[in-house]
2 protein chains.
Amino acid sequence: MSRHKKQISIRDVAKHAGVGLGTVSRAINNKGSISPKTKAKVLKSIRELGYTPNLVAQSMRSHKYKNIAFFVDLKNPTFSRIAIGICKRLEHEGYTLSLSHIGKENIVPSMESFLSGRRFDGIILAPHRDDDETLNRYLNSLEMPIVTLEHEIAGFSSGVEIDYYSSIKEAMAYLFSIGHKKIALMVGAPQVRSNKSIINAFMDAYAEHELPLNSELIMKGNIDDTYHQQTFNHVIHMIRHQEITAVLCMHNQILQLLLEAMKADQLWFPDDVSLIAMEDYELTQLLNPSVTVIKRSLTEIGEKVADILITAINQPELDPLPPHVIPTQFIIRDSCRPI
Amino acid sequence: MSRHKKQISIRDVAKHAGVGLGTVSRAINNKGSISPKTKAKVLKSIRELGYTPNLVAQSMRSHKYKNIAFFVDLKNPTFSRIAIGICKRLEHEGYTLSLSHIGKENIVPSMESFLSGRRFDGIILAPHRDDDETLNRYLNSLEMPIVTLEHEIAGFSSGVEIDYYSSIKEAMAYLFSIGHKKIALMVGAPQVRSNKSIINAFMDAYAEHELPLNSELIMKGNIDDTYHQQTFNHVIHMIRHQEITAVLCMHNQILQLLLEAMKADQLWFPDDVSLIAMEDYELTQLLNPSVTVIKRSLTEIGEKVADILITAINQPELDPLPPHVIPTQFIIRDSCRPI
DNA sequence: GTGAAAGCGCTAACAT
DNA sequence: ATGTTAGCGCTTTCAC
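So, here's what we can say about the structure.

## A few points about the overall build of chain A
Scanning chain A from terminus to terminus reveals 14 helices and 12 strands. For 339 residues, the compact-globule estimate of 2.2 N^0.38 gives 20 Å, and the C-alpha radius of gyration of chain A, at 26 Å, exceeds that figure by more than 25%. Referenced to the eigenvectors of the C-alpha coordinate spread, the extents of chain A come out at roughly 85 × 40 × 40 Å. Counting the 339 residues in chain A, one finds 53% classified as buried. In chain A, 69% of the contacts between residues at least 6 apart in sequence involve partners at least 24 apart. Just so you have it, chain A exposes about 14700 Å², and 49% of that area is on carbon and sulfur atoms.

Structure (structure tokens):
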């Protein structure tokens, strides 16, 4: 209510219930000692008057803001899905989510100006990389619970860890079973725990099938550092010369670039190469043919991240917390064909 | 800063500069009368102390919150793009955007619980329909500047109006020029101003080319009301029997359903039917072949919506404001073929 | 267990 | 033009 409609205040409730200010506060917050009888009386008055505590005033006095800052690049459709989960969980706990769109550059200044003067209880951050020293120093200077998404930054909880291991093993077994022997992997930064499990599973699968694994087949790294045009040219080249017959593309932005490169070169799946992607969204479902994927629940990720942050806020001694482990699922569709 | 690091307050600044509290406040807010000299002195102290006004305290006293509530269904990728524009503009103006994910049902209770106790200066709402009487009554009861997206609700500014007219005419001229004579239109609710311009342009194009327009070729309405499975079955039927040779699909969710239906029926573009879609995003670009589209700038929409809301907040006498008009652009790609 | 009083950091109203 | 005072609505401390 922005325009000055005179709101009912804690004073009105106190008067109506015939008690002191402090007693009403105690009744609202279940804090301090209060007899069940007076508490019931106060609660009744609150109901009758339709009183809602003013969060701004509460924040000012208590230094608790019920407000989380979310720094994210909304261009990435993954994050808007995760945001849904975060929203749900936070609202349920009475927190507000304040959104700030960040790009790849100048993250610290933009965070600084966003946080300046405002009060938050914690931060959820989806950084583009984990080796931005300026950013890492800045985060440490904030002395606030911070949970990261996607990339892990030393000293802070990464809210979740995606357990890709078994799904990758499944996917590889599937590809081997339909005759593939030369499979390439495209994945993000290998420092990321979840990506480690992808790479391990990939290598283990090769080892278990006693197939030789050329290190060239594993492409890994931060998207901006590793995935240049020439990377994709090289992949296209390998596809053309049948040095690979399948690609496991475990990053949705890399997938987009790969598809663009293939399209530019008139290659298509599954005829020219079999494809398994990560993430199940409109694109993988509506492409023709639809794409076989390894799926994780984005809403669940969002919820767990919010959980971790709330715990870190309420029990700072536990911070940083270990990540929640999120399972994945292998879904076969039409983007792979037998050799 | 959540943990109690003792912040510099306006008191410290006043002491440091050797002036009264009020004077510092005046210097910060450029309000009331203050001599340039003392103002400079205060500003210098502020810089030296690294003081930032506490927004929570400012809000509490001034009843201005610098905070906007955004109610939106984040599942729709359009809105996350628009959110980027809103974010940018609001941050620039010193406002925070608080996110609330809403579904199709129970919007009022979820808005109520979100707003309860919190303070916002205004609301941006992307409702799923315009004829939800409960919602409309509720909005009116809020007495707060509200701007809507996509659907227009009586009494409130719809932030923007998309000018599809000329682009649709262009698209139709293009289709006619490559021999199409039976073109279907799929569009959202005809109450929406932007959709009216689509329908008008479509009908005008037919009239100008002196071609008969069967009313069956125009499918319009709210996605939940009009676009049932049988609607798509009917479209598929018309395509199969060459009762139509092209579809103008002006709604991205309808497009998804259409593509699913076509895929299920083994129809594909442009071989079986030519296709022109709305919105330029990953899907339309990465589909093979890529889709000819009518494009609007989503970031611009977001920015304009934020603009309108801020104006409505600062100059309530102007509310509701007329919508900004956003131009569109026709981009030819590979989803149409000559007849 | 409960009421009264102090004060969070600021702006607005009132003095001068 | 500027210093002082009174709260905004609440939680917290301190009496009792």
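## Some points on the pairing of strand β1 (residues 67-72) of chain B
Residue and element names in this part refer to chain B. Judged by how many residues are buried, β1 sits mostly within the fold: six of six residues are covered. Burial of the side chains of β1 extends over both faces: N67, A69 and F71 are buried on one face and I68, F70 and V72 on the other. Bridge count between β1 and strand β2 (residues 96-101): six bridges; the pairing is parallel. Opposite I68, over in β2, you have L97 as the bridge partner. In terms of handedness, the path from β1 via helix α5 (residues 77-92) over to β2 forms a crossover that is right-handed. Of the pairings in the sheet, the one linking β1 to strand β3 (residues 122-125) comprises four bridges and is parallel in character.

## Quick look at the relation of the copies chain A and chain B
Two chain copies here: they are related by a rotation about an axis and a translation along the same axis. When chain A is fitted onto chain B, the two copies agree to an RMSD of 0.1 Å after a turn of 180° and an axial shift of 0.0 Å. Such a combination of rotation and displacement between the chain copies is what one expects of a two-fold axis. No C-alpha of chain A approaches the rotation axis more nearly than that of S98(A), which lies at 2.2 Å. An overlap of 98% is found between the interface residues of chain A and their copies at the interface of chain B, pointing to a shared contact surface.

## Quick word on the protein's contact with DNA strand C
Close to DNA strand C lie 24 residues, the nearest being T23(A), S33(A), I10(B), Y51(B) and R61(B). Sugar and phosphate atoms represent 54% of those atoms of DNA strand C found within 4 Å of the protein. Here a phosphate oxygen of DNA strand C sits 2.9 Å away from a polar atom, N or O, in the main chain of G20(A). Between DNA strand C and the protein, one listed contact pairs a phosphate oxygen with a side-chain N or O atom of Q58(B) at 2.8 Å. Elements represented by at least two residues in the surface near DNA strand C include exactly α2 (21-29) and α4 (55-62) of chain A together with α2 (21-29) and α4 (55-62) of chain B. When residues in the surface near DNA strand C are grouped by element, the largest group, four residues, is from α2(B). Of the residues contributing to the surface near DNA strand C, the split by class is seven nonpolar, 12 polar and five charged.

## Section: the protein's contact with DNA strand D
Inspection of the region around DNA strand D gives 26 residues, with I10(A), Y51(A), R61(A), T23(B) and R61(B) positioned closest. In DNA strand D, the atoms that sit within 4 Å of the protein are 53% sugar and phosphate, with bases accounting for the remainder. Between a phosphate oxygen of DNA strand D and a side-chain N or O atom of T38(B), the distance comes to 2.5 Å. Within the side chain of R61(B), one N or O atom sits 2.9 Å away from a base nitrogen of DNA strand D. Its residues assigned to classes, the surface near DNA strand D shows eight nonpolar, 13 polar and five charged.

## Overview of the sheet that holds strand β6 (residues 160-163) of chain A
Residue and element names in this part refer to chain A. Strand order in this open sheet of seven strands is β6-β12-β11-β10-β9-β7-β8, and the pairing throughout is mixed. Each having just a single partner strand, β6 and β8 (218-220) make up the two edges of the open sheet. Strand-to-strand twist across the sheet, computed as the mean angle between neighbouring axes with direction ignored, equals 15°. Sheet topology note: the strand β10 (residues 274-278)/strand β11 (residues 292-296) ladder contains three bridges and is parallel. Bridged to M278 within β11 is I294.

## With respect to the pattern of salt bridges
What the rule picks out here adds up to 25 salt bridges over all chains. Note that R193(B) is salt-bridged to E152(B), the shortest N-O span being 3.3 Å. Linking R193(B) in helix α9 (residues 193-208) with E152(B) in the loop between β4 (146-148) and β5 (157-158), this pair joins segments that are 41 residues apart in sequence. Under the relative-accessibility criterion, R193(B) is labelled partly exposed at 34%. When salt bridges that share partners are traced, they join R89(A), E93(A) and D307(A) into one network.

## Examining the state of the cysteines
All names here are of chain A. Under the defined criterion, the tally for this structure stands at zero disulfides over all chains. Unpaired in this structure, C336 has its nearest cysteine sulfur neighbour in C249, at a distance of 12 Å. Taking relative accessible area as the criterion, C336 reaches 10% and is therefore assigned buried.

## Section: the environment of R118(A)
Mapped onto the elements, R118(A) comes out in the loop between α6 (107-115) and β3 (122-125). Through-space distance from the C-alpha of R118(A) to that of L267(A) is 51 Å; in sequence the pair is 149 residues apart. Not counting residues up to four positions away in its chain, the partners in contact with R118(A) are S113(A), L55(B), G94(B), Y95(B) and T96(B). Among the polar contacts made by the side chain of R118(A), one reaches the main-chain carbonyl oxygen of F114(A) at a distance of 2.7 Å. Of the polar contacts made by the side chain of R118(A), one reaches the backbone oxygen of G94(B); its length is 2.9 Å.

## Observations regarding the side chain of S274(B)
Residue and element names in this part refer to chain B. Tracing the backbone shows S274 in strand β10 (residues 274-278). Taking relative accessible area as the criterion, S274 reaches 1% and is therefore assigned buried. Among the polar contacts listed, one links the side chain of S274 to the backbone nitrogen of R337, at a separation of 2.9 Å. Apart from residues no more than four positions distant in its own chain, S274 is found in contact with H180, T245, A246, V247, S335, C336 and R337.

The rules behind these values
- Residues numbered from 1 in each chain as written.
- Chains lettered and ligands numbered in written order.
- Predicted model: local features only at pLDDT ≥ 70, side-chain atom pairs only at ≥ 80, totals over all residues.
- Heavy atoms only, no water.
- Helix = DSSP H or I, 4+ residues; strand = E, 2+ residues; numbered from the N terminus.
- Rg over C-alpha atoms; globule rule 2.2 N^0.38 Å.
- Buried < 20%, exposed > 50% of the residue type's maximum accessible area, 1.4 Å probe, protein only.
- Contact = heavy atoms within 4.5 Å.
- Areas by Shrake-Rupley, 256 points an atom, 1.4 Å probe, with all protein chains shown as cover.
- Pairing = 2+ DSSP bridges.
- Right-handed = clockwise from strand over helix to strand, strands pointing away.
- Least-squares fit on C-alpha atoms with pLDDT ≥ 70 in both.
- Near = heavy atom within 4 Å.
- Polar contact = N/O pair within 3.5 Å; in protein donor to acceptor, adjacent residues only side chain to side chain.
- Nonpolar A, V, L, I, M, F, W, Y, C, P; charged D, E, K, R; others polar.
- Axes fitted to C-alpha atoms, helices over the stretch in contact; angles between N-to-C directions.
- Salt bridge = Lys/Arg side-chain N within 4 Å of Asp/Glu carboxyl O.
- Disulfide = S-S within 2.5 Å.

Without other data, these values stay purely geometric and don't point to any function.
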